[in-house]
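Coordinates in review
Here are the chains, one letter per residue:
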Amino acid sequence: MRFAVIQFGGSNCDQDTHHALQDVCGVDTDLIWYKEGLRRKYDAIVIPGGFSYGDYLRAGAIAARTPIMQDILRHVRDGRLLLGICNGAQIGAESGFVPGTFTINAYPKFICRWVRIRVENAGTPFTSQYREGEVMRIPIAHKEGRYIATPADVAALNKNRQIAFRFCDETGDPSPQTNPNGSVEQITGVLNERKNVLLMMPHPERASEKILGSEDGKKVFLSIIDHMEGR
Amino acid sequence: MLSSGDLLRIRELLGREPSEVERACFENLWSEHCSYRSTRTFLRSLPTQGKDVIVGPGDDAAVVRFSDDLAIVVGMESHNHPSYVDPYHGAATGVGGIVRDVVSMGGRPIALMDPLYFGPLAREKNRYLFEHVVSGIGDYGNCIGVPVVRGEVVFDEGYSGNPLVNVVCIGTVHPGRYLTGHAQKTGSRLVLVGSSTGRDGLGGASFASRDLSEDASEEDRPSVQIGDPYTEKLIIDATLEMAATGHVLSCKDLGAAGLAGASSELCSTFGALIRAERVHLRETGMRPAEIMLSESQERMVLEVPAEHVAEIGRIAEKYNLRWSEIGEVIAERCYRVTFQGETVCDIPINLLTGDAPACRWEMEPYQAEQPFSRPVEAIKDLALRILSHPDVAGKEWVYEQYDHDVQLRTISMGGDAAVLRLQDKALVLSCGCNPRHIYLSPYAGTANAVIENACNLACQGAVPLCLVNCLNFASPIHPNVYWQLEQCTRGMGDMARSLSIPVVGGNVSLYNESDEFGTQIKPTPSIGLIGKGDLRSSLSPSDGNELALIGKNEPFFGGSVLDAISGCGGKAPSVADPSILKVIRSLVGKERVQGVTDISHGGLLAALSRLAPRSSLEFETEMFSALFSEAYGRFLLAFQNESQLRDIPYTILGEVGGDALRIHGPEGDLTLSSSELRNAANSVTRTMRHAWQ
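Residues numbered from 1 in each chain as written. Chains lettered and ligands numbered in written order. Predicted model: local features only at pLDDT ≥ 70, side-chain atom pairs only at ≥ 80, totals over all residues. Heavy atoms only, no water.

To continue, consider the overall build of chain B. In terms of helices and strands, chain B carries 25 helices and 28 strands. In summary, chain B has a C-alpha radius of gyration of 26 Å against a globular reference of 26 Å for 693 residues, a match within 12%. The principal-axis extents of the C-alpha atoms in chain B amount to approximately 85 × 50 × 50 Å. Split into buried and exposed, the 693 residues of chain B put 65% on the buried side. In chain B, the share of contacts with a sequence separation of at least 24, taken over all contacts with a separation of at least 6, comes to 85%. Here chain B has roughly 23,800 Å² of accessible surface; of this, 48% comes from carbon and sulfur atoms. Counting 61 positive and 87 negative side-chain charges, chain B places the averaged centre of each group 4 Å from the other. (Helix = DSSP H or I, 4+ residues; strand = E, 2+ residues; numbered from the N terminus. Rg over C-alpha atoms; globule rule 2.2 N^0.38 Å. Buried < 20%, exposed > 50% of the residue type's maximum accessible area, 1.4 Å probe, protein only. Contact = heavy atoms within 4.5 Å. Areas by Shrake-Rupley, 256 points an atom, 1.4 Å probe, with all protein chains shown as cover. Lys, Arg positive; Asp, Glu negative; His and termini not counted. Charge placed at Lys NZ, Arg CZ, Asp CG, Glu CD.)

In structure tokens, the structure reads:
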């Protein structure tokens, strides 16, 4: 089993995500500089957080138009897994993997804060190690993380169980008061229809070691590993 | 502008009229910012040696051993004047500059700290500066992926018109593989990597050493550089990849005085020949003086053996960075610049980079302490005003705008100091100073600033490794200000010596005064303290824990937050006894306490609101003095049973638990409910969010 973490110019969570996968979860992981393209098949690809191309134009907009995204598109069409975290989620949304987009926060400042999110669908390759409704403690760190989509798209996401995570309080109540960035329906993790792409704003790699304050996010990676092992 | 005295001296030294490029070089390199003309004698009195110091002051950043196979690289810089003229870009480029200083030593930047000083938020202009400085730091630091893990914010009228933006950057490097900013070999090539050069930031070094006049914003705007954090991130990764080849002999970032400053300092061990027309430009028609002095950001100059220039160039290209080979290290001890075949600068290199003529100013002591007069307001009203003073209130509005978790080292930021994991140890960081105390008592105040930062480290069980500073002052032309400088550096040096902390770097920012507001800053010798300790789970008091005070309370109200809100006057704190530090480190190290915080601004009251906001206390002595005095070297502790304190003198204050902060004392009862405490703590966020709406 081999994973890849894609490095764009301006990615800055690439080493962190590599560390969480390789050192914490024990899965062989390559760091791929975007100009190199994908030279082999990978079981799962992670686009990490950061500021690809400095967030110029719009977060993720330029990276989404680089040639390596064609390789990643083929990977996804083959049914293999893609996880986009933070800037990776913005790039994924710009690439059209899910409906809707991540835009500037309701209070238009960067926000770095530990929050709680609730697992809305535990039956996906990214969430199988969680219980449905499980609440995890995990940090967010973004300026353009407010998920928005048309009412019709949101209805379809709900119907198809494409919502992976929502902001919530300690008890799991996803009330608007818990929403740090103004995302529609507190949504902060979205799946594609086929459930092999997950785009999320919170940083699971920052919640994968007890010493850093939480291991709750590690199960995203362990779910992926479990899914690949089970195939 | 060069002073007429300097110009005369230059003519005499050269034996001729200096050319345009030469004049510009001298103007910048002989500025206070680059050559410490007013402060050199004071700075030389600071202790800079230590067994772990590998590179002390004088290079781009210091290198200090952390373990056998890891050293930390640390530097501190101010970006005050630019942050007033253009707060967003001024603050952002302040971050960029100090980060490149660390990178140019071969260090990978891992953390930032930002002590900030502003005028009161009641003034709209100050809110505007505060808002945009924080955004500028956040957007730049976040983009380059270096976490801001610590800071402080002080609000005082003296900073209206003179906000201070100080930045500490910490990096890591193998102790045997750091780079320096001193050329190693004649014949090697100088390679310029990064952004193209434009007219931005021209004359920034001399600009930084000047008063800002009323209409400074308009006329000086071209002197403020514009930062590009995306390019900076590429520069960081590219430079470290270049350094890892082993073919970079020395390296320097382009900061004050641009390419002229960096290349002349880099080559001062030998000589330099620069071919100015080879510099990659972003504007046409630039004159050689403009090319040499431009302070365009995100540029590095590297010394590379001729045969490895192509390899270094390929790494630049991997990161889409432009590069050019712009000159070489020469044996002749001169600094020579040619432009399209014509020599435009040719001076003995030691004239430029050696000591510029020192300036001496008159010195005159003052006495600013006022007799104490007790405020008439009720103790509860005073308490709530102190807790909602922006110096004391929560700073979530600030630090939530900084990505403090990136790089996966941040264990905690709460409490008194930031704790990062580094190998199997804790890197513990603290910064700041108390300008109100320092103004009243420059020597004791600065000595206490060293102790206070060391107390912050002690609360995490950590021992100081080294200290960096920014000496921010008003104009040394005022004899009182020059006296402050002398007293502050002496206070810092004496306390650093007595705690065996080497002072390994820093900078000086003078002329912080404003005609527009009729203000001059209080002396602000801001400190960054770097320490090392053991990794341990973070402490948190629980119900039933006892609370005790260690250290002697004396009624020091002068310069306190109480003084700031009420004008009560009083004496400023005397120098604290540093022997307390060992005691606290040992208690924390042996895990004998459930919680500990040191008492600083806002006194015991503020410490209680942080450590034990729900607790019941009983004071035998006067509540007023116990709560509001800001005597240093004191700690509030929570512990399970008294026997853990053994021989240490302490005063039991009460117990953790209940639904409010309840204090019973000779003057009666003081109760601060959770919602009152929350409301007070939230004052900065409320002010800034309200201003936005």
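Moving on from the model shown.
Quick look at the nonpolar core now. The nonpolar side chains of a soluble globular protein tend to be buried, and buried together. Phe 8 and Leu 83 of chain A together with Phe 130 of chain B are the most contacted members of the largest nonpolar core, which has 130 residues in total. Apart from residues no more than four positions distant in its own chain, Phe 8 of chain A is found in contact with Trp 33, Tyr 34, Ile 47, Ser 52, Tyr 53, Ala 63, Thr 66, Ile 68, Met 69 and Ile 91 of chain A. Judged by nonpolar contacts, the second largest core, of 58 residues, contains Ala 454, Leu 485, Val 588 and Leu 637 of chain B. (Core = buried A, V, L, I, M, F, W, Y, C linked by side-chain atoms within 4.5 Å.)

The next subject is the interface of chain B and chain A. Listed by partner, the interface residues are 34 residues for chain B and 31 residues for chain A. Among the residues of chain B in contact with chain A, Tyr 230, Glu 400 and Leu 408 of chain B are the three that bury the most area, contributing 25% of the side total. The tally of links from chain B across to chain A stands at five salt bridges. Between Lys 109 of chain A and Glu 131 of chain B there is a salt bridge whose closest N-O contact spans 2.4 Å. (Buried area = accessible area lost by both parts, 1.4 Å probe. Salt bridge = Lys/Arg side-chain N within 4 Å of Asp/Glu carboxyl O.)

Residue and element names in this part refer to chain B. Within strand β4 (residues 108-118), 10 of the 11 residues are buried, leaving the element largely enclosed by the surrounding structure. As paired strands, β4 and strand β5 (residues 148-155) are joined by seven bridges and run parallel to one another. In the sheet register, Leu 112 faces β5, and the bridge partner there is Val 148. Handedness of the β4-helix α7 (residues 124-144)-β5 crossover: right-handed. (Pairing = 2+ DSSP bridges. Right-handed = clockwise from strand over helix to strand, strands pointing away.)

Right, let's get into helix α21 (residues 580-589) of chain B. An α-helical segment advances 3.6 residues per turn. Residues three or four places apart therefore align on the same side. Residue and element names in this part refer to chain B. Taken together, the buried positions of α21 are Ile 580, Leu 581, Ile 584, Leu 587 and Val 588. Looking down the long axis of α21, one finds its buried residues gathered within 130 degrees of arc, a one-sided arrangement. Trailing α21 by a residue or two, Glu 591 shows a phi angle of about 55 degrees, which is positive. (Arc of directions from axis to C-beta.)

With that out of the way, let us pick up the domain arrangement of chain B. Residues and elements named next belong to chain B. Partitioning chain B into domains gives domain 1 (1-30 + 179-356), domain 2 (35-178 + 402-537) and domain 3 (361-393 + 539-693). Taking only C-alpha atoms, the centre of domain 2 and the centre of domain 3 are 24 Å apart. Contacts between the two partners involve 47 residues from domain 2 and, on the opposite side, 43 residues from domain 3. Taken together, the two surfaces of domain 2 and domain 3 that pack against each other cover about 3,800 Å², and 66% of this comes from carbon and sulfur. Taken together, the links from domain 2 to domain 3 amount to one salt bridge. Linking Asp 391 and Arg 436 is a salt bridge whose minimum nitrogen-to-oxygen distance equals 2.6 Å. Remark: the boundary between domain 2 and domain 3 carries 11 residue pairs in polar contact (both at pLDDT 80 or more). Put simply, the parts of the chain that give the side of domain 2 that touches domain 3 at least two residues each are α7, β5, α17 (435-440), α18 (442-458), β17 (463-472) and α19 (479-498). With 11 residues, the top contributor of residues to the side of domain 2 that touches domain 3 is α18. A per-class count over the side of domain 2 that touches domain 3 returns 28 nonpolar, 12 polar and seven charged. (Domains from an automatic or database assignment. Polar contact = N/O pair within 3.5 Å; in protein donor to acceptor, adjacent residues only side chain to side chain. Nonpolar A, V, L, I, M, F, W, Y, C, P; charged D, E, K, R; others polar.)

The next point concerns the pattern of salt bridges. Residue and element names in this part refer to chain B. Applying the stated criterion across every chain yields a total of 52 salt bridges over all chains. Among the salt bridges present, the one from Glu 332 reaches Arg 336, with a minimum N-O distance of 2.9 Å. A relative accessible area of 46% means that Glu 332 is categorised as partly exposed. Across the pair Glu 622 and Arg 374 runs a salt bridge, and its minimum N-O distance is 2.6 Å. With Glu 622 in the loop between β24 (615-618) and α23 (623-628) and Arg 374 in the loop between α14 (349-353) and α15 (379-388), this residue pair connects regions lying 248 residues apart in the sequence. We classify Glu 622 as partly exposed; its relative accessible area is 36%. Arg 374 gets classed as partly exposed once you look at its relative accessible area, which sits at 40%.

Right, let's get into the packing of α18 of chain B against α19 of chain B. Residues and elements named next belong to chain B. Relative to each other, α18 and α19 sit at 40 degrees, their axes nearing to 7 Å. Crossing of α18 over α19 shows right-handed handedness. On α19, the residues touching Pro 442, Tyr 443, Thr 446, Ala 447, Val 450 and Ile 451 of α18 are Trp 483, Gln 484, Gln 487, Cys 488, Arg 490, Gly 491, Met 492, Asp 494, Met 495 and Ala 496. (Axes fitted to C-alpha atoms, helices over the stretch in contact; angles between N-to-C directions. Left-handed = near helix turned anticlockwise from the far one by under 90°.)

Generally, phi is negative for residues other than glycine and the peptide bonds are trans, each holding for most cases. Located in the positive-phi region is Gln 186 of chain A, a residue other than glycine, with phi close to 60 degrees. Its place among the elements puts Gln 186 of chain A in the loop between β9 (163-168) and β10 (187-191). A positive phi is found at Glu 298 of chain B, a non-glycine position, where the angle reads about 55 degrees. Tracing the backbone shows Glu 298 of chain B in the loop between α12 (288-293) and β10 (299-304).

All names here are of chain B. Most of strand β7 (residues 189-194) is tucked away, with five of its six residues classed as buried. Bridging between β7 and β10 involves six bridges; their strand directions are antiparallel. Each bridged residue has a counterpart across the sheet, and for Arg 189 the counterpart in β10 is Val 304. Of the pairings in the sheet, the one linking β7 to strand β11 (residues 323-330) comprises five bridges and is antiparallel in character.

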